[in-house]
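One letter stands for each residue in the lines below.
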Amino acid sequence: MRSKKFISAILALLIAVSAVPLFAVGCRTGMSSDAFLKTEGELVKNAKGEKVSLRGVNAGGLFVTEHWMSGFKDNCTDSNDYRSLTKKFIERFGEDKTKKLWKEYQANWWSDVDFENCKNMGFNVIRLPFTYMNVDFDAVVSYDKAGKNYDFSAIENFVSRAADYGLYTILDLHGAYGSQNGKDHSGQIINNVSDITFYSDDKFVELTVKLWKALSEKFKNNPAVAAYDILNEPGENACSTTDRHWNFYDKVYSAIRSTGDEHILIMEGLWTGKDLPHPSRYVWENCMYSFHHYAGNLADNSYFSSWNDMVSEVFAQKFGVPLYMGEFTAYSSESKWEYSLDLLNRHNWHWTSWTYKIWNKKGWTSWGIYNVNGTQDDLVDATNDGYDDILKKFSLMKTDDAEKFKFSSGTSLEDMLNKYASATYEYDKPQAGTFELLTDSGCLAVSENNTVIITKDFNNARKFTLVYENSIDGNAYFKTYGGTLTEVGGGLKVTGSTEKQTLFCPVPTEYGFALFSYSGQGYVCADENGNIKTNGKTVDKALIFTQSSFTATE
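Chemist: I'd love a proper account of the environment of N117, names of residues and values included.
Modeler: Along the chain, N117 turns up in helix α5 (residues 112–120). Judged by its relative accessible area of 15%, N117 falls in the buried class. Put simply, N117 and T399 are 282 residues apart on the chain and 9.8 Å apart in space, counted from C-alpha to C-alpha.

Chemist: Could you give me a rundown of the nonpolar core, with the residues and numbers involved?
Modeler: One recurring pattern in soluble globular proteins: nonpolar side chains tend to sit buried together. If you look at the biggest cluster of nonpolar residues, it comprises 125 residues, and the most contacted ones within it are F123, L171, F248, M267, Y289 and W351. Excluding residues that lie within four positions of it along the chain, Y289 makes contacts with M267, L276, P277, H278, P279, W284, F319, V321, P322, L323 and Y324. If you look at the next biggest cluster of nonpolar residues, it comprises 22 residues, including V452, A476, L515 and F550.

Chemist: Kindly report on the sheet that holds strand β5 (residues 168–175), identifying the contributing residues and their values.
Modeler: Spatial ordering of the closed barrel is given by β3-β4-β5-β6-β7-β8-β9-β10, a layout of eight strands whose pairing is parallel. Averaged over all pairs of adjacent strands, the angle between their axes in this sheet comes to 30°, without regard to strand direction. Across seven bridges, strand β4 (residues 125–131) lies against β5 in parallel orientation. Its bridge partner being in β5, F130 is matched across the sheet by L173. Contacting β4, β5 and β6 (225–229), helix α8 (residues 153–164) crosses the sheet at an angle of about 150° to β5.

Chemist: Explain the sheet that holds strand β13 (residues 403–404) to me, using residue names and the numbers behind them.
Modeler: Ordered by their spatial adjacency, three strands build an open sheet running β11-β12-β13, and the pairing between neighbours is mixed. Both outer strands of the open sheet, β11 (357–360) and β13, are each paired with one neighbouring strand and no more. Note that β11 and strand β12 (residues 370–373) share four bridges and pair parallel. Each residue of the ladder has a partner; that of W359, found in β12, is V372.

Chemist: Just give me the short version of unusual backbone geometry, but keep the residues and values in it.
Modeler: In the segment running from W354 into T355, the intervening peptide bond is cis, with an omega of 5°. With respect to the element layout, T355 can be found in the loop between β10 (350–353) and β11. Backbone geometry at E233 places phi at a positive 35°, although glycine is not the residue there.

Chemist: Summarise the packing of aromatic side chains; cite the residues concerned and give the values.
Modeler: The tally for this structure, following the rule as stated, stands at 43 aromatic pairs. For the pair W68 and W367, a centre-to-centre distance of 5.3 Å together with 65° between the ring planes defines the contact as edge-to-face. Placement of W68 in helix α2 (residues 67–70) and of W367 in the loop between β11 and β12 is noted, with a sequence separation of 299 residues between them. One exposure class covers both W68 and W367, and it is buried. Cation over ring: K97 sits above Y387, and NZ or CZ is 4.9 Å from the ring centre. Geometry around W109 places K357 over its ring, the cationic atom sitting 4.6 Å from the centre.

Reading guide: rules and limits
- Residues numbered from 1 in each chain as written.
- Predicted model: local features only at pLDDT ≥ 70, side-chain atom pairs only at ≥ 80, totals over all residues.
- Heavy atoms only, no water.
- Helix = DSSP H or I, 4+ residues; strand = E, 2+ residues; numbered from the N terminus.
- Buried < 20%, exposed > 50% of the residue type's maximum accessible area, 1.4 Å probe, protein only.
- Core = buried A, V, L, I, M, F, W, Y, C linked by side-chain atoms within 4.5 Å.
- Contact = heavy atoms within 4.5 Å.
- Pairing = 2+ DSSP bridges.
- Axes fitted to C-alpha atoms, helices over the stretch in contact; angles between N-to-C directions.
- Phe/Tyr/Trp six-rings, centres within 6.5 Å; stacked < 30°, edge-to-face > 60°.
- Lys NZ or Arg CZ within 6 Å of the ring centre and 35° of its normal.

Shown next, in the form of structure tokens:
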């Protein structure tokens, strides 16, 4: 029989362990080698061959501070980004105390509570933004010391703890040596675009490639890492990308693959599909293409069309790889959140919203699922606050003291994301064969002038043969007696030449399939006269073909 003293000691130990922040012992599930992810065409699958849809959130502000959301005072010209903040701390307190400051900041910004919240929201992934400075502290003091003494322990701990809660981590390099975009979220603000010279500076490029190779050697066998996001918002001043950016990706791709690492590599094109090349150009394999979309507080119709146009334009590129919305928000509108999340899920995009938590000093509450509230006096002044005062202010940043963002209806953003994180569209892709295409308005037929129409006279309906190309991106075309279904001037006709065929993507919806036209960059829909068009921008305006219509009739 155990003594009361022994039992008390065990209880005290358990209480102490449960209070440890950030990477304490918790709900241990871990991840086996079966969880390792790879791409297969447009899908992501684990080692057991199961489809995985990555849905989650960004851990913004944890390793990369942005003054507007991370609890630091604005307009501090000598400490306005992570690099200058760190230099200011070193100047005032020395290197050892600076390292301790950042550890305390991180321990308060993110703890076991936050992993638990992500798990409870139904998420299965966290995108972890970091910079070279988080793993190469010496480079903050001098670039001459860069790349010689990496410390990956903080990232390793995060990945391990996330895995204990059944969560994948996407390692996202938010800031390269010298800054790739000059924005505060790269860790270093560079105001003049002409002064952002990362891609032409061999030293910074080589250091960043070396860093990715070292990260690869550390994590290459870790199934809890879902993917490597090579570089966040890579365009100078976060603008569009072109060859110089893609050539940099290729260097990192080669460095990572040289270690034998088979993780998914994420290439960011940022705003449009035209910001990324077709993977075949560089012979990239096992990669995912990522975009960000911030539509702004537009009127509903403009907001919706902004999202539709973005998704349609990416579709038109026919990349044939998984698509990932790495950052987005719908601000304070419940209907816009529903629309964006439903659109991403319906098109099988992976997604991580921006962001998990903010320090709410500007009233931009909808940017974070959780909002740490405080007064202006609670903001850290890196130039004037004493060391102990800074530690005290860091202690106010815990999620325990944060509020959930709620829409005007009273629904929380947490509940909204939970709803769509677990939503599924489990429809099999229509198989090649000959079909009658049925909608709730009738059956597709072909008029005397070869224009496609809807008719309720099923005896005169036209059978269409669905043909898939020898490709992995789901493109298909339809043949019928007399020719091939083709988009002409916004409408659909049957033409005799297969060279003019229009490629379609059968998109699953809650009720059946909608056909997306690549050439028309829109869904097949009908006007009030029954004429078939291809300029529909939203699924709810599209013709929905019932699943039964995709059963071969001959």
